[in-house]
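Chain and residue survey
Chain residues, written in single-letter form:
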Amino acid sequence: MKERLLTGDRVTGKLHLGHYVGSLKNRVELQDSYDSFFMLADVHALTTHYKQPETLKAHVNQVTLDYLSVGIDPEQSTIFIQSLIPEIAELTAYFSMFVTVNSLKHNPTIKAEASEKGYSDLYYGFLGYPISQTADIAFCKATVVPVGEDQLPHMEQSRKIMRRFNQLYAPVFNEPKAIVGDCARLIGLDGDSKMSKSKGNTIDLDSTKQEVYDQIKKAKTDPARIRRSDPGHPDICPIYTYHNVFRKEESGSIYEGCQKGMLGCVECKAMIAASINTLLEPMHERRDTYLQRSNYTKEIVQAGTERAQLIAKETMEEVREALMINYF
Ligand code: TRP
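Residues numbered from 1 in each chain as written. Predicted model: local features only at pLDDT ≥ 70, side-chain atom pairs only at ≥ 80, totals over all residues. Heavy atoms only, no water.

1. Some thoughts on the packing of helix H4 (residues 86–96) against helix H8 (residues 129–138)
Packed helix pairs are characterised by how far apart their axes lie and by the angle those axes make with each other. The line we're drawing: Angles shown run from 0 to 180 degrees and are taken between the N-to-C directions of axes, each axis being a line fitted to C-alpha atoms and, for helices, limited to the stretch in contact. By the criteria applied, helices consist of DSSP H or I runs no shorter than four residues and strands consist of E runs no shorter than two, each listed in order from the N terminus. Any angle from 65 to 115 degrees is called roughly perpendicular, while one under 35 is roughly parallel, one over 145 is roughly antiparallel, and all others are oblique. In this scheme the handedness of a crossing depends on how the near helix is turned from the far one: anticlockwise by less than a right angle means left-handed, clockwise means right-handed. The contact criterion used is simple: two residues touch if any of their non-hydrogen atoms lie within 4.5 Å. Each residue gets one of three labels, nonpolar for Ala, Val, Leu, Ile, Met, Phe, Trp, Tyr, Cys and Pro, charged for Asp, Glu, Lys and Arg, and polar for the others, Gly among them.
It is the contact of H4 with H8, at a shortest axis distance of 8 Å, that shows an interaxial angle of 125 degrees. Judged on the interaxial angle alone, H8 and H4 are oblique. Crossing of H4 against H8: the hand is right-handed. Contact with H4, carried on its side by Ile88, Leu91, Thr92, Phe95 and Ser96, involves Ile131, Ser132, Thr134, Ala135, Asp136 and Ala138 of H8 and no other residues of that element. Grouping the constituent residues of the contact of H4 with H8 by class yields six nonpolar, four polar and one charged.

Quick look at the structure:
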């Protein structure tokens with residue numbers, strides 16, 4: 001029996017290159033070794049988008065296509081919808097009995113997201129999402145969780161919650177471990193430290209060749225370089241970061257060319273745009289193939305959800321036994 005892997009994505013927007021290098025690439029590499037679960041996190045998305053349920057509905061299919069386009073194989077991996085596994089909500093309720101408000105308030109990712117969103121008072125669901133994220137992992141007893149670096153505080157909290165449950169009641173859960181991609185955080189096109197949909201600084205996985213060229217063309221570079229001969233500072237240039245991630249072998253000569261004022265930004269940008277397009281090309285091909293099969297994404301999500309439901313029922317039997325709520 002293979003160990004289980006679970007991870008999820010909020011269905012609030014398209015997936016982009018930051019998701020790819022931070023987590024999706026890893027998932028594709030790991031899917032042969034683990035029984036893999038990929039969750040369309042709609043309940044989770046409601047923590048910030050409770051006023052826009054239509055956004056979530058629109059992106060369930062989109063994120064599924066993004067998964068398939070990067071090479072997640074629906075024949076071997078399970079793609080499912082979070083809200084259709086009510087056991088996740090049930091587990092969230094049980095876990096929340098022994099997680100303190102302070103431990104949630106001090107979670108650095110919660111803090112950062114709250115300040116980014118300008119929340120002066122925290123919504124209960126938002127504050128508690130590390131608990132529901134623990135339930136996402138626990139319902140199928142996943143031991144491996146590929147995530148971006150920002151999710152590490154949640155993973156630490158998840159491990160603690162499961163450990164506590166096991167101590168209090170019965171050893172039902174295995175503490176999961178996080179796996180972070182080679183590039184835990186990809187810088188945004190605007191130079192912001194994180195590529196993120198809410199900041200509008202992304203290159204989406206379904207971007208056309210032209211869009212990639214245009215976006216890269218507009219991307220921020222070292223402000224000290226006005227003329228081609230001006231010596232550059234690749235360390236502070238987002239485009240250099242992309243070279244380092246997507247054209248690693250040649251990045252040394254890019255560094256030198258920039259620093260010595262021998263390589264111009266236009267040329268440097270054209271090279272990286274071409275490499276990104278090469279990376280995206282097979283994704284577009286897969287996406288087109290899946291798009292031609294009408295209803296296919298719906299069918300695989302339905303089948304995946306049914307499988308996840310069966311597993312959730314099995315785990316809940318053990319959980320109810322442990323909590324002694326098996327009355328009849
Ligand atoms: N919080 C994750 C994110 O914002 C998404 C997510 C939801 C998740 N449930 C999960 C990730 C469970 C790993 C495991 O990216």
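2. Focus on the nonpolar core
Basically, it comes down to this: For our purposes a nonpolar core is just a set of buried Ala, Val, Leu, Ile, Met, Phe, Trp, Tyr and Cys residues, chained together by side-chain atoms within 4.5 Å. Think of it in three bands: residues with accessible area under 20% of the maximum for their type are buried, residues over 50% are exposed, and the middle band is partly exposed, with areas taken using a 1.4 Å probe on protein chains only.
Ranked by size, the top nonpolar core spans 51 residues in total, and within it Ile216 and Tyr242 carry the most contacts. Those elements that place two or more of their residues in this core are helix H1 (17–30), strand S2 (35–41), helix H3 (53–70), strand S3 (78–81), helix H10 (209–218), helix H11 (238–246), helix H13 (265–292) and helix H14 (296–322). Discounting residues that sit within four places of it in the chain, Ile216 has contacts with Leu189, Ile203, Ile239, Tyr242, Lys269, Ile272, Ala273 and Ile276. The next biggest cluster of nonpolar side chains, apart from the first, holds 39 residues, and it includes Ile88, Cys140, Ile311 and Ala312.

3. With respect to unusual backbone geometry
At Asn295, a position not held by glycine, the phi torsion is positive, near 70 degrees. Relative to the assigned elements, Asn295 resides in the loop between H13 and H14. By relative accessible area, Asn295 is classed as partly exposed at 49%. A positive phi angle, close to 60 degrees, is found at Met324, a residue other than glycine. With respect to the secondary-structure elements, Met324 resides in the segment after H14.

4. Section: the site of the ligand
Rules: To be near a molecule or strand, a residue needs just one of its heavy atoms within 4 Å of it. A 3.5 Å cut-off defines polar contacts: any pair of N or O atoms within that distance qualifies, except that in protein one atom must be a possible hydrogen donor and the other a possible acceptor, and neighbouring residues in sequence count only when both atoms are side-chain atoms.
Around the ligand, the neighbouring residues are Leu6, Thr7, Gly8, Arg10, Met39, His44, Gln133, Asp136, Ile137, Val145, Val147 and Gln151. In the model, a nitrogen atom of the ligand is placed 2.7 Å from a nitrogen or oxygen of the Asp136 side chain. In the environment of the ligand, a nitrogen atom lies 3.0 Å from a nitrogen or oxygen atom belonging to the side chain of Gln151. Of all elements in the fold, only strand S1 (4–10), H8 and strand S4 (144–147) reach the threshold of two or more residues within the shell around the ligand. Per-element accounting of the shell around the ligand gives the leading share, four residues, to S1.

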